[in-house]
Amino acid sequence: MTSSDDGGYVHDPSTFDADGSVSDTDDGSGGRRPRDGEQADWVADPSHPESADREFDWRGWVLVGVILFSFIVSPLAIVLWPPDFNYLFALLILPLAPAILLAITAVWATTRP
């Protein structure tokens, strides 16, 4: 099996039997695929979630602040927006800005370096 993208997956129909099971146990990386009835190493001996470095630190509190802003402050600003001003700003920009801020902050807060 060859690949033009340097090690990416390329489907090779010749590695499958007529019934759809894998006939070749080599995955190309030197490791062995689990056969039928076997489990992969990470399934047989999974790591405990508490062993990962996951704490509710300052990133979590920033996310909570942005959630409060998005669900309390922004809707109040929309409701209390004076009718003398442009409704385009009140109905498009005021909901859009917290939504984008919440999306960016959620991705930033949940990813770890």
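Keep in mind that what you see is a predicted model, and the values were worked out from it rather than measured. (Residues numbered from 1 in each chain as written. Predicted model: local features only at pLDDT ≥ 70, side-chain atom pairs only at ≥ 80, totals over all residues. Heavy atoms only, no water.)

To continue, consider the overall build of the chain. Helices and strands together make up the secondary structure of the chain, namely three helices and zero strands. Counting only contacts in the chain whose residues sit at least 6 apart along the sequence, the fraction spanning at least 24 positions is 44%. (Helix = DSSP H or I, 4+ residues; strand = E, 2+ residues; numbered from the N terminus. Contact = heavy atoms within 4.5 Å.)

Our focus in this paragraph is the packing of helix 2 (residues 58-79) against helix 3 (residues 87-110). Remark: helix 2 packs on helix 3, axes separated minimally by 9 Å, with the N-to-C direction vectors making an angle of 170 degrees. Comparing their axes, helix 3 and helix 2 come out roughly antiparallel. From helix 2, Trp-58, Arg-59, Val-62, Leu-63, Val-66, Ile-67, Phe-69, Ser-70, Phe-71, Ser-74, Ala-77 and Ile-78 reach across to helix 3, where they touch Ala-90, Leu-91, Leu-94, Pro-95, Pro-98, Leu-101, Leu-102, Thr-105, Ala-106, Trp-108 and Ala-109. Tallied by class, the residues present in the contact of helix 2 with helix 3 amount to 19 nonpolar, three polar and one charged. (Axes fitted to C-alpha atoms, helices over the stretch in contact; angles between N-to-C directions. Parallel < 35°, antiparallel > 145°, perpendicular 65-115°, else oblique. Nonpolar A, V, L, I, M, F, W, Y, C, P; charged D, E, K, R; others polar.)

Summary statistics for the chain give a mean pLDDT of 75 and a share of 63% for residues scoring 70 or more. Looking at the elements of the chain, mean pLDDT is at its lowest for helix 1 (residues 41-44), recorded as 65, and at its highest for helix 2, recorded as 90. (pLDDT = per-residue confidence, 0-100.)

Before going further, it helps to examine the UniProt feature "transmembrane region" (unreviewed entry) in the chain. Per the UniProt record, "transmembrane region" (unreviewed entry) is annotated on residues 61-81 and 87-109. What you have in residues 61-81 is 90% helix and 0% strand, and the ends, taken at the C-alpha atoms, are 28 Å apart. Summarising residues 87-109: 100% helix, 0% strand, and an end-to-end C-alpha distance of 33 Å. (UniProt positions renumbered as here; feature names shortened; annotations may be inferred.)

Here we take up helix 3. An ideal rise of 1.5 Å per residue puts 34 Å on 24 residues; helix 3 measures up with 35 Å between its terminal C-alpha atoms. The complete set of buried residues in helix 3 reads Ala-90, Leu-94, Pro-98, Thr-105 and Ala-109. On its buried face, helix 3 is in contact with helix 2. (Expected span 1.5 Å × (residues − 1). Buried < 20%, exposed > 50% of the residue type's maximum accessible area, 1.4 Å probe, protein only.)

So, on to helix 2. With 22 residues, helix 2 ought to run about 32 Å at 1.5 Å a step, and its terminal C-alpha atoms sit 31 Å apart, in line with that. Along helix 2, the helix axis deviates most sharply at Phe-69, where the bend reaches about 35 degrees. Those residues of helix 2 lying buried are Arg-59, Gly-60, Leu-63, Val-66, Ser-70 and Ser-74. Lining the buried residues of helix 2 we find helix 3. (Bend = angle between axes of the 7 residues up to and from the residue.)

Looking now at the side chain of Thr-105. If you trace the backbone, Thr-105 turns up in helix 3. Judged by its relative accessible area of 8%, Thr-105 falls in the buried class. Leave out the neighbours within four places in its chain, and Thr-105 touches Val-62, Leu-63 and Val-66.

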